[in-house]
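Given next are the chains, with one letter for each unit.
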Amino acid sequence: MKPIDRQFVQENLTELAGESLYIHLETTNGAYASHKDQSFFSAGTFIRNVQLTFLHGKITGKGPYRMGLETEQGWLYAEGLTDWEKDEEDRLLFAGHDAEGKLAIALELSKKPFPK
Amino acid sequence: MEEHVLVIFPHPDDEAFGVAGTILSHTQAGTPVTYACLTLGEMGRNMGRPLIANRETLPEIRKNELNEACRLLGIEDLRRFGMRDKTVEFADEDALQSRIFDMIEEVNPSLIITFYPGYAVHPDHDATGAAVIQAVRRLPEGERPTVHALAFSEGCEQVLGEPDIVYDVSEYSDQKMKVIEAHKSQTAGVIETMKKRFLEEDETMKERMSTERFWTYPI
(Lines give C-alpha, C1' and ligand atoms only; values in the text may rest on other atoms or scores of the structure.)
Protein backbone atom coordinates (compact mmCIF):
# COMPACT_ATOMS: atom_id res chain seq x y z
CA MET A 1 0.00 0.00 0.00
CA LYS A 2 1.02 3.59 -0.41
CA PRO A 3 0.01 6.84 1.27
CA ILE A 4 -3.28 8.20 0.02
CA ASP A 5 -3.10 10.74 -2.79
CA ARG A 6 -6.48 12.39 -2.32
CA GLN A 7 -7.00 13.59 -5.84
CA PHE A 8 -5.97 10.30 -7.41
CA VAL A 9 -8.18 8.37 -5.00
CA GLN A 10 -11.11 10.69 -5.77
CA GLU A 11 -10.77 9.94 -9.49
CA ASN A 12 -10.74 6.19 -8.83
CA LEU A 13 -13.72 6.50 -6.51
CA THR A 14 -15.78 8.52 -8.95
CA GLU A 15 -15.26 5.84 -11.59
CA LEU A 16 -17.02 3.31 -9.33
CA ALA A 17 -20.18 5.38 -8.75
CA GLY A 18 -23.26 3.51 -9.96
CA GLU A 19 -21.47 0.15 -10.02
CA SER A 20 -22.66 -2.82 -7.98
CA LEU A 21 -19.86 -3.39 -5.46
CA TYR A 22 -18.89 -5.78 -2.72
CA ILE A 23 -17.65 -4.09 0.43
CA HIS A 24 -15.31 -5.09 3.22
CA LEU A 25 -15.49 -2.57 6.06
CA GLU A 26 -13.73 -3.07 9.35
CA THR A 27 -12.49 -1.28 12.41
CA THR A 28 -10.36 -2.93 15.05
CA ASN A 29 -8.33 -2.09 18.11
CA GLY A 30 -6.99 -5.62 18.41
CA ALA A 31 -8.16 -8.57 20.46
CA TYR A 32 -5.60 -7.88 23.17
CA ALA A 33 -6.40 -4.20 23.78
CA SER A 34 -8.35 -4.80 27.00
CA HIS A 35 -5.89 -7.49 28.09
CA LYS A 36 -2.97 -5.07 27.87
CA ASP A 37 -4.91 -2.17 29.39
CA GLN A 38 -7.92 -3.11 31.48
CA SER A 39 -9.32 0.41 31.34
CA PHE A 40 -9.46 0.21 27.54
CA PHE A 41 -12.94 -0.23 26.14
CA SER A 42 -12.55 -2.55 23.20
CA ALA A 43 -14.87 -2.11 20.24
CA GLY A 44 -14.60 -3.16 16.64
CA THR A 45 -16.60 -4.43 13.73
CA PHE A 46 -16.32 -6.00 10.35
CA ILE A 47 -18.72 -6.69 7.55
CA ARG A 48 -17.54 -8.58 4.49
CA ASN A 49 -19.14 -8.93 1.11
CA VAL A 50 -22.14 -6.75 1.70
CA GLN A 51 -23.35 -5.45 -1.67
CA LEU A 52 -23.79 -1.78 -2.27
CA THR A 53 -24.08 0.75 -5.07
CA PHE A 54 -23.20 4.32 -4.26
CA LEU A 55 -24.54 7.37 -6.01
CA HIS A 56 -21.54 9.49 -5.26
CA GLY A 57 -18.48 9.11 -3.11
CA LYS A 58 -16.06 11.58 -1.66
CA ILE A 59 -12.71 11.48 0.12
CA THR A 60 -11.98 14.41 2.42
CA GLY A 61 -9.56 15.59 5.08
CA LYS A 62 -5.87 16.37 5.21
CA GLY A 63 -4.82 12.93 6.24
CA PRO A 64 -5.79 10.69 7.87
CA TYR A 65 -8.68 10.89 5.44
CA ARG A 66 -12.41 10.38 5.68
CA MET A 67 -14.61 8.76 3.08
CA GLY A 68 -18.35 8.96 2.61
CA LEU A 69 -20.39 7.04 0.06
CA GLU A 70 -24.03 8.05 -0.39
CA THR A 71 -26.36 5.27 -1.50
CA GLU A 72 -30.01 5.31 -2.50
CA GLN A 73 -31.04 4.33 1.03
CA GLY A 74 -28.21 5.52 3.23
CA TRP A 75 -24.52 6.06 3.77
CA LEU A 76 -21.18 4.40 4.26
CA TYR A 77 -18.71 6.39 6.36
CA ALA A 78 -15.11 5.70 7.25
CA GLU A 79 -12.44 7.77 8.99
CA GLY A 80 -8.78 7.29 9.74
CA LEU A 81 -7.72 6.19 6.25
CA THR A 82 -4.01 6.62 5.53
CA ASP A 83 -3.01 4.17 2.78
CA TRP A 84 -4.46 2.68 -0.33
CA GLU A 85 -3.86 0.61 -3.40
CA LYS A 86 -5.68 -0.60 -6.46
CA ASP A 87 -4.67 -4.26 -6.49
CA GLU A 88 -4.14 -6.60 -9.44
CA GLU A 89 -7.80 -7.57 -9.31
CA ASP A 90 -8.80 -3.92 -9.70
CA ARG A 91 -10.10 -3.75 -6.16
CA LEU A 92 -9.79 -0.48 -4.28
CA LEU A 93 -8.23 -1.23 -0.90
CA PHE A 94 -8.04 1.46 1.76
CA ALA A 95 -6.57 1.13 5.22
CA GLY A 96 -5.78 3.28 8.20
CA HIS A 97 -2.55 2.40 9.98
CA ASP A 98 -1.60 3.82 13.37
CA ALA A 99 1.83 5.15 14.30
CA GLU A 100 3.09 1.59 14.84
CA GLY A 101 1.84 0.47 11.43
CA LYS A 102 -1.04 -1.54 12.88
CA LEU A 103 -4.28 -1.61 10.98
CA ALA A 104 -7.11 0.31 12.66
CA ILE A 105 -9.59 0.46 9.80
CA ALA A 106 -10.03 -1.14 6.39
CA LEU A 107 -12.45 -0.22 3.63
CA GLU A 108 -12.35 -2.24 0.44
CA LEU A 109 -14.45 -2.04 -2.71
CA SER A 110 -14.60 -4.74 -5.36
CA LYS A 111 -16.78 -5.62 -8.33
CA LYS A 112 -16.36 -9.30 -7.47
CA PRO A 113 -16.94 -10.90 -4.05
CA PHE A 114 -13.98 -11.10 -1.69
CA PRO A 115 -12.96 -14.61 -0.62
CA LYS A 116 -14.95 -15.59 2.46
CA MET B 1 7.61 -40.07 25.91
CA GLU B 2 4.42 -39.31 24.00
CA GLU B 3 3.31 -41.43 21.05
CA HIS B 4 1.71 -38.64 19.06
CA VAL B 5 1.04 -35.03 19.98
CA LEU B 6 -1.90 -33.08 18.56
CA VAL B 7 -1.66 -29.29 18.79
CA ILE B 8 -4.85 -27.32 18.14
CA PHE B 9 -4.81 -23.52 17.94
CA PRO B 10 -6.77 -20.94 15.96
CA HIS B 11 -4.03 -18.65 14.61
CA PRO B 12 -0.67 -19.03 12.90
CA ASP B 13 1.84 -17.87 15.58
CA ASP B 14 -0.22 -19.28 18.50
CA GLU B 15 2.17 -22.23 18.30
CA ALA B 16 5.19 -19.93 18.52
CA PHE B 17 5.02 -17.95 21.74
CA GLY B 18 3.97 -20.32 24.49
CA VAL B 19 4.53 -23.75 22.98
CA ALA B 20 7.34 -23.82 20.41
CA GLY B 21 9.94 -25.21 22.84
CA THR B 22 7.60 -27.99 23.92
CA ILE B 23 6.78 -28.88 20.31
CA LEU B 24 10.50 -28.96 19.49
CA SER B 25 11.20 -31.24 22.43
CA HIS B 26 8.66 -33.70 21.01
CA THR B 27 9.70 -33.56 17.35
CA GLN B 28 13.39 -33.81 18.23
CA ALA B 29 12.65 -36.89 20.30
CA GLY B 30 11.07 -38.38 17.20
CA THR B 31 7.48 -37.99 18.38
CA PRO B 32 5.17 -37.03 15.51
CA VAL B 33 3.30 -33.77 16.02
CA THR B 34 0.11 -32.90 14.15
CA TYR B 35 -0.84 -29.23 14.17
CA ALA B 36 -4.42 -28.17 13.43
CA CYS B 37 -4.56 -24.44 12.78
CA LEU B 38 -8.14 -23.26 12.49
CA THR B 39 -7.68 -19.93 10.70
CA LEU B 40 -4.98 -18.03 8.85
CA GLY B 41 -5.15 -15.04 11.16
CA GLU B 42 -6.83 -13.17 8.33
CA MET B 43 -7.92 -10.33 10.61
CA GLY B 44 -4.55 -9.57 12.20
CA ARG B 45 -3.70 -5.92 12.82
CA ASN B 46 -0.01 -6.34 12.12
CA MET B 47 0.79 -5.90 8.46
CA GLY B 48 4.57 -6.14 8.71
CA ARG B 49 7.08 -3.45 9.47
CA PRO B 50 7.58 -1.90 6.96
CA LEU B 51 4.09 -2.74 5.66
CA ILE B 52 4.23 -5.87 3.52
CA ALA B 53 0.58 -6.90 3.61
CA ASN B 54 -2.93 -5.63 3.25
CA ARG B 55 -6.16 -7.22 4.47
CA GLU B 56 -6.46 -9.27 1.25
CA THR B 57 -2.86 -10.42 0.88
CA LEU B 58 -2.38 -11.21 4.59
CA PRO B 59 -3.87 -14.76 4.50
CA GLU B 60 -1.46 -16.00 1.83
CA ILE B 61 1.50 -14.36 3.55
CA ARG B 62 0.55 -15.91 6.89
CA LYS B 63 0.02 -19.28 5.23
CA ASN B 64 3.61 -19.19 4.02
CA GLU B 65 4.84 -18.06 7.43
CA LEU B 66 2.94 -20.93 9.02
CA ASN B 67 4.54 -23.42 6.64
CA GLU B 68 7.98 -22.07 7.49
CA ALA B 69 7.24 -22.18 11.23
CA CYS B 70 6.15 -25.83 10.88
CA ARG B 71 9.33 -26.65 9.00
CA LEU B 72 11.40 -25.10 11.81
CA LEU B 73 9.36 -26.99 14.41
CA GLY B 74 9.69 -30.32 12.64
CA ILE B 75 5.92 -30.57 12.19
CA GLU B 76 5.17 -32.67 9.15
CA ASP B 77 1.40 -32.88 9.51
CA LEU B 78 -0.23 -29.44 9.33
CA ARG B 79 -3.98 -29.22 8.94
CA ARG B 80 -5.56 -25.92 8.07
CA PHE B 81 -9.23 -25.84 8.98
CA GLY B 82 -10.02 -22.89 6.69
CA MET B 83 -12.07 -20.94 9.22
CA ARG B 84 -11.91 -17.16 9.42
CA ASP B 85 -10.04 -15.32 12.14
CA LYS B 86 -12.40 -13.84 14.79
CA THR B 87 -15.31 -16.10 13.82
CA VAL B 88 -14.45 -19.34 15.68
CA GLU B 89 -16.80 -18.54 18.58
CA PHE B 90 -19.66 -17.96 16.13
CA ALA B 91 -19.15 -21.11 14.07
CA ASP B 92 -21.53 -24.07 14.29
CA GLU B 93 -20.26 -25.59 17.57
CA ASP B 94 -21.45 -29.09 16.87
CA ALA B 95 -19.88 -29.16 13.41
CA LEU B 96 -16.56 -27.87 14.72
CA GLN B 97 -16.52 -30.35 17.60
CA SER B 98 -17.28 -33.17 15.16
CA ARG B 99 -14.48 -32.12 12.87
CA ILE B 100 -12.05 -32.04 15.78
CA PHE B 101 -13.42 -35.33 17.11
CA ASP B 102 -12.88 -37.03 13.72
CA MET B 103 -9.31 -35.73 13.64
CA ILE B 104 -8.66 -36.99 17.19
CA GLU B 105 -9.97 -40.43 16.24
CA GLU B 106 -7.77 -40.50 13.16
CA VAL B 107 -4.59 -39.13 14.75
CA ASN B 108 -5.13 -40.99 18.03
CA PRO B 109 -2.88 -38.64 20.03
CA SER B 110 -1.55 -39.48 23.48
CA LEU B 111 -1.43 -35.75 24.25
CA ILE B 112 -3.41 -32.74 23.03
CA ILE B 113 -2.16 -29.18 23.50
CA THR B 114 -4.68 -26.36 23.17
CA PHE B 115 -5.92 -23.22 24.94
CA TYR B 116 -7.61 -23.36 28.32
CA PRO B 117 -11.20 -22.34 27.59
CA GLY B 118 -12.20 -19.23 29.52
CA TYR B 119 -8.64 -18.26 30.41
CA ALA B 120 -7.00 -17.63 27.05
CA VAL B 121 -7.93 -13.96 26.42
CA HIS B 122 -8.77 -14.06 22.69
CA PRO B 123 -12.33 -15.26 21.95
CA ASP B 124 -10.96 -17.53 19.21
CA HIS B 125 -8.59 -19.10 21.77
CA ASP B 126 -11.38 -19.76 24.26
CA ALA B 127 -13.72 -21.12 21.57
CA THR B 128 -11.02 -23.42 20.19
CA GLY B 129 -10.18 -24.79 23.62
CA ALA B 130 -13.87 -25.31 24.41
CA ALA B 131 -14.48 -27.18 21.15
CA VAL B 132 -11.44 -29.39 21.79
CA ILE B 133 -12.59 -30.25 25.32
CA GLN B 134 -16.09 -31.15 24.10
CA ALA B 135 -14.62 -33.25 21.29
CA VAL B 136 -12.36 -35.14 23.72
CA ARG B 137 -15.35 -35.77 26.00
CA ARG B 138 -17.11 -37.59 23.18
CA LEU B 139 -14.53 -40.34 23.61
CA PRO B 140 -15.30 -42.97 26.23
CA GLU B 141 -13.63 -42.36 29.58
CA GLY B 142 -10.36 -44.22 29.72
CA GLU B 143 -9.71 -43.63 26.03
CA ARG B 144 -9.25 -39.88 26.29
CA PRO B 145 -5.85 -38.34 25.62
CA THR B 146 -4.27 -36.04 28.18
CA VAL B 147 -4.98 -32.37 27.48
CA HIS B 148 -2.39 -29.75 28.35
CA ALA B 149 -4.02 -26.33 28.22
CA LEU B 150 -2.47 -22.90 27.90
CA ALA B 151 -3.88 -20.08 30.03
CA PHE B 152 -2.71 -16.50 30.30
CA SER B 153 -5.66 -14.32 31.21
CA GLU B 154 -5.16 -11.80 34.01
CA GLY B 155 -5.45 -13.54 37.35
CA CYS B 156 -5.92 -17.01 35.86
CA GLU B 157 -3.58 -18.55 38.44
CA GLN B 158 -5.85 -17.37 41.26
CA VAL B 159 -8.59 -19.58 39.84
CA LEU B 160 -6.66 -22.43 38.22
CA GLY B 161 -3.80 -22.55 40.68
CA GLU B 162 -0.20 -22.87 39.58
CA PRO B 163 0.35 -24.70 36.30
CA ASP B 164 1.11 -28.35 37.02
CA ILE B 165 3.25 -28.79 33.91
CA VAL B 166 6.33 -26.57 33.71
CA TYR B 167 8.91 -27.38 31.05
CA ASP B 168 12.41 -26.04 30.89
CA VAL B 169 12.87 -25.52 27.17
CA SER B 170 16.01 -23.40 27.38
CA GLU B 171 17.90 -25.73 25.04
CA TYR B 172 15.36 -24.75 22.35
CA SER B 173 15.31 -21.00 23.06
CA ASP B 174 17.21 -20.07 19.91
CA GLN B 175 15.02 -22.23 17.71
CA LYS B 176 11.93 -20.87 19.41
CA MET B 177 13.06 -17.33 18.61
CA LYS B 178 13.41 -18.38 14.95
CA VAL B 179 9.86 -19.75 14.96
CA ILE B 180 8.58 -16.45 16.35
CA GLU B 181 10.63 -14.61 13.73
CA ALA B 182 9.17 -16.81 10.97
CA HIS B 183 5.84 -15.08 11.54
CA LYS B 184 7.38 -11.97 10.05
CA SER B 185 4.21 -10.08 9.23
CA GLN B 186 3.22 -10.31 12.89
CA THR B 187 6.52 -10.05 14.72
CA ALA B 188 8.78 -7.82 12.60
CA GLY B 189 8.00 -4.86 14.86
CA VAL B 190 9.05 -6.60 18.07
CA ILE B 191 11.56 -9.30 17.15
CA GLU B 192 14.70 -7.15 17.39
CA THR B 193 13.72 -5.90 20.84
CA MET B 194 12.94 -9.46 21.91
CA LYS B 195 16.33 -10.72 20.70
CA LYS B 196 18.15 -7.84 22.37
CA ARG B 197 16.37 -8.38 25.67
CA PHE B 198 17.09 -12.09 25.47
CA LEU B 199 20.80 -11.54 24.79
CA GLU B 200 20.97 -9.03 27.65
CA GLU B 201 19.50 -11.75 29.86
CA ASP B 202 16.45 -9.67 30.71
CA GLU B 203 14.65 -11.85 33.27
CA THR B 204 11.14 -11.62 31.79
CA MET B 205 12.31 -12.38 28.27
CA LYS B 206 14.59 -15.20 29.41
CA GLU B 207 11.70 -16.73 31.33
CA ARG B 208 9.43 -16.36 28.29
CA MET B 209 11.87 -18.10 25.98
CA SER B 210 12.96 -20.88 28.31
CA THR B 211 9.89 -21.88 30.34
CA GLU B 212 6.57 -23.15 29.03
CA ARG B 213 3.65 -23.75 31.35
CA PHE B 214 0.48 -25.79 31.00
CA TRP B 215 -2.45 -26.88 33.07
CA THR B 216 -3.62 -30.47 32.72
CA TYR B 217 -7.28 -30.04 31.87
CA PRO B 218 -9.65 -32.03 34.11
CA ILE B 219 -11.32 -34.01 31.34
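Here the structure is a predicted model, which is why all the values come from computation and not from measurement.

What counts, and at which threshold
Residues numbered from 1 in each chain as written. Chains lettered and ligands numbered in written order. Predicted model: local features only at pLDDT ≥ 70, side-chain atom pairs only at ≥ 80, totals over all residues. Pairing = 2+ DSSP bridges. Helix = DSSP H or I, 4+ residues; strand = E, 2+ residues; numbered from the N terminus. Contact = placed C-beta atoms within 7 Å. Nonpolar A, V, L, I, M, F, W, Y, C, P; charged D, E, K, R; others polar. Core = buried A, V, L, I, M, F, W, Y, C linked by C-beta atoms within 7 Å. Buried ≥ 20, exposed ≤ 12 C-beta atoms within 10 Å, placed from the backbone. Axes fitted to C-alpha atoms, helices over the stretch in contact; angles between N-to-C directions. Parallel < 35°, antiparallel > 145°, perpendicular 65-115°, else oblique. Arc of directions from axis to C-beta. Expected span 1.5 Å × (residues − 1).

Chemist: Any chance you could explain the pairing of strand β4 (residues 54–60) of chain A here in plain terms?
Modeler: Residue and element names in this part refer to chain A. In this sheet, strand β5 (residues 65–71) lies alongside β4 in antiparallel orientation, the contact comprising six bridges. By the bridge assignment for β5, H56 is matched with E70. Between β4 and β5, which pair antiparallel one after the other, the connecting turn spans four residues, and G61 there sits at a positive phi close to 100 degrees.

Chemist: Sorry, what's going on with the interface of chain B and chain A here?
Modeler: Many authors give the size of an interface as the accessible area that is lost as the parts come together. Taken residue by residue, the interface counts 13 residues in chain B and 20 residues in chain A. Looking at the side of chain B that touches chain A, its residues break down into three nonpolar, four polar and six charged.

Chemist: Looking at this model, I keep getting lost on the nonpolar core. Mind explaining?
Modeler: Most often, soluble globular proteins keep nonpolar side chains buried together rather than apart. With 51 residues, the main nonpolar core has V7 and L73 of chain B as its most contacted residues. In terms of residues, this core owes the most to one element, helix α5 (residues 123–137) of chain B, which gives seven residues. Not counting residues within four places of it along the chain, the set of residues in contact with V7 of chain B comprises E15, V19, I23, V33, Y35 and I113 of chain B. Of all hydrophobic cores here, the second largest spans 20 residues; its members include L81 and L103 of chain A together with L58 and I61 of chain B.

Chemist: Mind showing me how you'd approach unusual backbone geometry here?
Modeler: Glycine aside, negative phi is the norm for most residues, and most peptide bonds take the trans geometry. Geometrically, the link from G63 of chain A to P64 of chain A is a cis peptide bond, its omega value of -5 degrees lying close to zero. Here P64 of chain A shows up in the loop between β4 and β5. Of note, the bond from R49 of chain B into P50 of chain B is cis; its omega dihedral lies within 30 degrees of zero at -5 degrees. Position of P50 of chain B among the secondary structure elements: in the loop between β2 (33–39) and α3 (58–73).

Chemist: Is there a simple way to explain the sheet that holds strand β6 (residues 75–81) of chain A in this structure?
Modeler: As a general point, the strands of a sheet are linked pairwise by backbone hydrogen bonds and lie either parallel or antiparallel. All names here are of chain A. Taken in spatial order, the three strands make up an open sheet running β4-β5-β6, and their pairing is antiparallel. Whereas interior strands pair on both sides, the edge strands pair on one side only; in this sheet they are β4 and β6. Taken pair by pair, the neighbouring strands of this sheet meet at an average axis angle of 10 degrees, ignoring direction. In the sheet, β5 pairs with β6 via six bridges, with the strands oriented antiparallel. Along β6, the bridge assignment pairs E70 with W75. Docked against the sheet, helix α1 (residues 6–16) engages β4 and β5, running at close to 175 degrees with respect to β4.

Chemist: So what exactly am I meant to see when it comes to the environment of A33 of chain A here?
Modeler: All names here are of chain A. Structurally, A33 can be placed in helix α2 (residues 33–36). A sequence separation of ten residues divides A33 from A43, and the C-alpha atoms of the two residues are 9.4 Å apart. In this structure A33 touches F40 and S42, once residues within four positions along its chain are discounted.

Chemist: Just checking my understanding: could you explain the packing of α3 of chain B against helix α7 (residues 173–182) of chain B for this structure?
Modeler: Think of two packed helices as two axes; the pair is described by the angle between the axes and how far apart they sit. Residues and elements named next belong to chain B. One can describe the packing of α3 onto α7 by two numbers: an axis separation of 8 Å at closest approach and a directional angle of 170 degrees. Between α3 and α7, the interaxial angle falls into the category roughly antiparallel. Taking contact as the criterion, the partners of E65, E68, A69, L72 and L73 in α3 are, on α7, Q175, K178, V179 and A182. For the contact of α3 with α7, the residue count by class is five nonpolar, one polar and three charged.

Chemist: In this structure, what is going on with α7 of chain B? I would like to understand it.
Modeler: Quick reminder: α-helices carry 3.6 residues per turn. Residues three or four places apart thus point the same way. Residue and element names in this part refer to chain B. Of all the residues in α7, the buried ones are K176, V179, I180 and A182. The buried residues of α7 occupy an angular sector of 155 degrees when projected down its axis, which confines them to one face. Those residues of α7 that are buried are in contact with α1 (14–17), α2 (20–28), α3, α8 (184–187), α9 (191–199) and α10 (203–210).

Chemist: How should I be thinking about α5 of chain B in this particular structure?
Modeler: Residue and element names in this part refer to chain B. Over its 15 residues, α5 runs 21 Å from end to end, which matches the ideal 21 Å to within 8%, given 1.5 Å per residue. Burial runs high along α5: twelve of the 15 residues are buried. For α5, the full list of buried residues reads D124, H125, D126, A127, T128, G129, A130, A131, V132, I133, A135 and V136. Where the residues of α5 are buried, they touch β1 (5–9), β2, α4 (93–107), β4 (111–115) and β5 (146–150).

Chemist: Explain the environment of A78 of chain A to me, please; I cannot follow it from the model alone.
Modeler: Mapped onto the secondary structure, A78 of chain A falls in strand β6. It is 8.0 Å that separates the C-alpha atoms of A78 of chain A and I105 of chain A, two residues lying 27 residues apart in sequence.

Chemist: I keep staring at the sheet that holds strand β3 (residues 77–83) of chain B and nothing clicks. Help me out?
Modeler: Residue and element names in this part refer to chain B. A sheet is described by the order of its strands in space; here seven strands give the open sequence β3-β2-β1-β4-β5-β7-β6, paired in mixed fashion. Two strands bound the open sheet, and with one partner strand each, they are β3 and β6 (165–168). Ignoring which end each strand starts from, the neighbouring axes of this sheet average 25 degrees apart. Taken together, the three bridges between β1 and β4 define a ladder with parallel strand orientation. Directly across from V5, in β4, lies its bridge partner L111. Contacts from α5 reach β1, β2, β4 and β5, with the element oriented near 150 degrees to β4.

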